[in-house]
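# Summary of structural features
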Amino acid sequence: MWPNHRSQLSQSNGIASLLSFLSKAYIVDSAKLMVIGSIIEAGRRLCQWLFVRFRIQYSITAQFNQGDPAYEWILHFLNDQKVWRRAYDFQVSAKSSTRKWGISSLVTGETSIVKSESVEYVPTYSQPQLFRWRGYWLEIMRSKPQNEIPFIPRHPQSSGLESIFITVYTLDMSVLSAIIEEARQRYVEVTRPDVIIHLADMLHLHHTAWGSVKRQLRRPFNSVILQEGVLDSLRQDAKEFMETESWYTERGIPHRRGYLLYGPPGSGKSSTIYALAGELGMEIYSLSLASNFVDDSFLQRATSSIPKNSIFLIEDIDCALPSMEDTDQDQSNIINGAVVARRRTRRSVTLSTLLNVIDGVGSEQGRLFFTTTNHIDHLDPALLRPGRIDRKIPYHLATKEQAAALFTRFFSPGCISESIETGALTGKIEGKHDVQLITNLSKSFASQVPSHEFSVAELQGYLLGFKKQAEEAAVGVAAWIEQERQYKREEEEKANERRSKEQQEKMVGNVQGRGISLGSLGPPQSLRT
């Protein structure tokens with residue numbers, strides 16, 4: 001019995017010793033793994049520390065935030081350097097007037113190129129790209145708002161915006177300056193054929209005012225048909241202003257200039273601004289005060305971010321501010337004691353803030369301010385005083401001279417209708433005879449168009465129906481004029497009926513507000529006749 005007990009006891013001791021040994025081995029292995037992991041983590045942090053110190057000691061990093069003009073310069077610079085050839089991440093979008101700095105072709109191999117006329121491939125640059133420029137190594141990184149950029153501290157104002165980081169592996173600041181200057185010059189050169197238009201949008205409402213950039217082909221300055229001398233005078237005035245900044249500074253005069261273009265719709269106000277921007281090589285920053293997201297704070301922030309040598313444009317300013325008639329009507333209603341419910345468009349921009357950004361403490365210098373209106377009499381006189389609006393340029397409906405100039409401009413010498421070529425004038429008409437024929441047709445066209453009755457836009461709309469039939473356009477204008485007059489008479493009758501109905505409803509509201517019996521009143525004055 002005792003021997004068996006000893007055998008069992010020895011077995012138990014052996015198992016216990018084995019378990020003890022294994023547990024010690026597990027502890028030892030765990031300790032080894034912990035030490036190895038600590039060494040690896042310490043090495044990683046040391047490498048990170050050394051990398052950051054290397055960048056601090058031997059590189060310069062510049063940040064370009066979306067919404068700033070320099071951001072656009074750098075994007076074009078990267079495309080021009082063909083950095084996208086090393087990229088593998090692209091955003092694909094259909095081509096439009098919105099500028100994305102994409103490319104229309106991709107290199108799929110050494111010689112294989114895929115081209116597209118309707119699609120743009122926009123490099124995201126989400127991964128660092130290394131390239132060489134004039135013997136210097138440059139590293140490019142484009143960040144999304146939610147991404148974290150390793151080893152690079154984020155700028156507090158870059159939250160919510162895309163940013164581009166360029167690291168130049170040198171301590172010579174002149175290299176960075178040369179990169180930016182070359183990017184700017186290339187940008188100016190590539191945008192010369194276009195007019196760049198910056199629009200305010202809600203996408204980056206709390207970060208940048210000008211989130212949308214569009215491009216339009218530059219319009220020839222002489223393609224705008226105005227009365228003689230108006231265009232040349234405006235161009236000369238704007239050029240002289242931009243070239244005399246030092247003169248303004250020496251005399252303590254704020255270097256800013258405002259223009260008001262007023263007149264009926266379709267008379268060429270907006271076309272003048274676009275043509276002038278193309279002529280002077282300036283970019284347009286267009287803001288609509290009627291947008292529901294534009295308030296005083298947004299207006300101040302938007303105007304303060306417009307760079308020098310640019311055009312700040314507010315179109316149809318009378319539609320965004322209360323007119324003098326509205327103010328007089330409100331005062332009349334209060335005096336008469338009438339309670340009239342009126343629907344008003346929400347206006348978040350006050351006149352005082354608008355005046356301040358034009359010529360007050362918060363105004364910027366070195367740029368042209370343009371605004372347009374169809375009704376100058378609706379504007380507050382405070383907006384029109386010198387210093388805010390320096391030149392008021394009236395626009396009118398087309399004269400006979402404008403009609404003839406439009407016809408001549410519209411039809412090039414080769415755009416003679418087939419009826420002319422196959423009719424009395426057989427064969428192809430060329431040279432001075434062709435020009436003389438167009439001149440005669442333009443005189444015939446202008447003689448039938450009454451002065452100051454139709455806008456240039458209306459006449460152009462008519463001519464668009466005869467793109468290659470100059471003779472038909474000259475012959476058929478009389479019938480078109482009668483048709484337009486009939487249409488306008490009908491529209492005027494409808495408008496008079498609406499006004500009469502509104503006047504009746506208004507009188508009923510006034511009577512009910514005063515508690516007067518309707519039977520004691522006669523018909524409205526407009527109905528007694």
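Now for a look at the structure at hand. (Residues numbered from 1 in each chain as written. Predicted model: local features only at pLDDT ≥ 70, side-chain atom pairs only at ≥ 80, totals over all residues. Heavy atoms only, no water.)

Residues Glu490, Glu492, Glu493 and Glu497 make up a contiguous surface patch of negative charge. Topologically, Glu493 is positioned in helix α15 (residues 470-514). (Patch = residues over 30% accessible without salt bridge, like charges linked within 9 Å, V, L, I, M, F, W, Y side chains within 5 Å. Areas by Shrake-Rupley, 256 points an atom, 1.4 Å probe, with all protein chains shown as cover. Salt bridge = Lys/Arg side-chain N within 4 Å of Asp/Glu carboxyl O. Lys, Arg positive; Asp, Glu negative; His and termini not counted. Charge placed at Lys NZ, Arg CZ, Asp CG, Glu CD. Helix = DSSP H or I, 4+ residues; strand = E, 2+ residues; numbered from the N terminus.)

Here we take up the sheet that holds strand β6 (residues 129-133). Spatial strand order, β1-β8-β7-β6: 4 strands in an open sheet with antiparallel pairing. Looking along the sheet, the strands with just one partner apiece sit at the ends: β1 (60-65) and β6. If you compare each strand with its neighbour and ignore which way they point, the axes differ by 25° on average. Here strand β7 (residues 136-143) runs beside strand β8 (residues 163-168); their pairing, made up of 6 bridges, is antiparallel. By the bridge assignment, Glu139 is partnered in β8 with Thr167. Along the sheet face, helix α2 (residues 69-80) touches β1, β6, β7 and β8 and points at about 65° away from the line of β8. (Pairing = 2+ DSSP bridges. Axes fitted to C-alpha atoms, helices over the stretch in contact; angles between N-to-C directions. Contact = heavy atoms within 4.5 Å.)

Another point: a nonpolar patch on the surface. Together, Leu46, Trp49 and Leu50 make up a nonpolar patch on the protein surface, roughly 310 Å² of accessible area in all. For Leu46, the position within the fold is in helix α1 (residues 2-58).

On to the nonpolar core. Ranked by size, the top nonpolar core spans 28 residues in total, and within it Phe64, Leu78, Phe131, Ile164 and Ile166 carry the most contacts. Elements supplying a minimum of two residues to this core: β1, α2, β6, β7, β8 and α3 (173-190). Looking at which element gives the most residues to this core, the answer is α2, with 7 residues. With sequence-adjacent residues up to four places away left out, Leu78 is seen in contact with Val83, Tyr125, Phe131 and Ile140. (Core = buried A, V, L, I, M, F, W, Y, C linked by side-chain atoms within 4.5 Å. Buried < 20%, exposed > 50% of the residue type's maximum accessible area, 1.4 Å probe, protein only.)

What follows concerns empty space enclosed by the protein. A full pass over the atoms with the stated rule returns 1 cavity of 30 Å³ or more. Put simply, the largest cavity is a space of about 100 Å³. If you list the elements that add at least two residues to the lining of the largest cavity, you get β11 (257-262) and α9 (351-359). Along the lines of polarity and charge, the residues of the lining of the largest cavity split into 4 nonpolar, 2 polar and 5 charged. (1 Å grid on protein atoms, 1.4 Å probe; cavity = no way out; pocket = protein on both sides within 12 Å on 5 of 7 lines; lining within 4 Å. Points joined across faces, edges and corners; volume = space filled by probe spheres on them. Nonpolar A, V, L, I, M, F, W, Y, C, P; charged D, E, K, R; others polar.)

Put simply, α2 and α3 touch, their axes get as near as 8 Å, and they point 85° apart. The angle between α2 and α3 places the two elements in the roughly perpendicular class. The residues of α3 that touch α2, namely those facing Glu72, Trp73, Ile74, His76, Phe77 and Asp80, are Ile179, Ile180, Glu182, Ala183, Arg184, Arg186, Tyr187 and Val190. The residue makeup of the contact of α2 with α3, split by class, is 8 nonpolar, 1 polar and 5 charged. (Parallel < 35°, antiparallel > 145°, perpendicular 65-115°, else oblique.)

For the rest of this paragraph, the subject is the pairing of strand β13 (residues 310-314). Within β13, 5 of the 5 residues are buried, which leaves the element mostly enclosed by the surrounding structure. What you see with β13 is no split at all: Ser310, Phe312 and Ile314 on one side and Ile311 and Leu313 on the other are buried throughout. Both strand β12 (residues 283-286) and β13 contribute to a ladder of 4 bridges, which runs parallel. Within the sheet, the bridge partner assigned to Ser286 lies in β13 and is Leu313. Tracing the backbone out of β12, into helix α7 (residues 296-304) and back to the parallel element β13 gives a crossover that is right-handed. Here β13 pairs with strand β14 (residues 368-373) via 4 bridges, running parallel. Bridging from a neighbouring strand, Phe312 pairs with Phe369 of β14. (Right-handed = clockwise from strand over helix to strand, strands pointing away.)

Let's shift gears to the packing of aromatic side chains. All chains considered together, the criterion is met by 14 aromatic pairs. With centroids separated by 5.6 Å and ring planes inclined at 80°, the aromatic side chains of Phe241 and Tyr248 adopt a geometry described as edge-to-face. Phe241 sits in the buried class, given a relative accessible area of 2%. Taking the relative accessible area as the measure of exposure, Tyr248 reaches 12% and is therefore buried. (Phe/Tyr/Trp six-rings, centres within 6.5 Å; stacked < 30°, edge-to-face > 60°.)

A few words now on the pairing of β14. A large share of β14 lies buried, amounting to 6 of its 6 residues. Here β14 shows no split at all, with Leu368, Phe370 and Thr372 on one side and Phe369, Thr371 and Thr373 on the other all buried. The pairing of β11 with β14 spans 6 bridges and is classified as parallel. Bridging from a neighbouring strand, Arg257 pairs with Leu368 of β14.

The next subject is the pattern of salt bridges. Applying the stated criterion to the full structure yields 19 salt bridges. Here Arg134 makes a salt bridge to Glu182, at a shortest N to O gap of 2.8 Å. With a gap of 48 residues between them, Arg134 in the loop between β6 and β7 and Glu182 in helix α3 connect regions that are remote in the sequence. Residue class for Arg134 comes out exposed when judged on its relative accessible area of 59%. A salt bridge links Arg218 to Glu279; the shortest N-O distance between them is 3.7 Å. Taken as a pair, Arg218 in the loop between β10 (212-217) and α4 (230-242) and Glu279 in helix α6 (residues 269-280) lie far apart in primary sequence, 61 residues in all. Judged by its relative accessible area of 26%, Glu279 is partly exposed. Ionic contacts of the salt-bridge type, sharing partners, join the residues Asp80, Arg134, Glu182 and Arg186 into one network.

The quantities given are spatial measurements derived from coordinates; they are silent on function.
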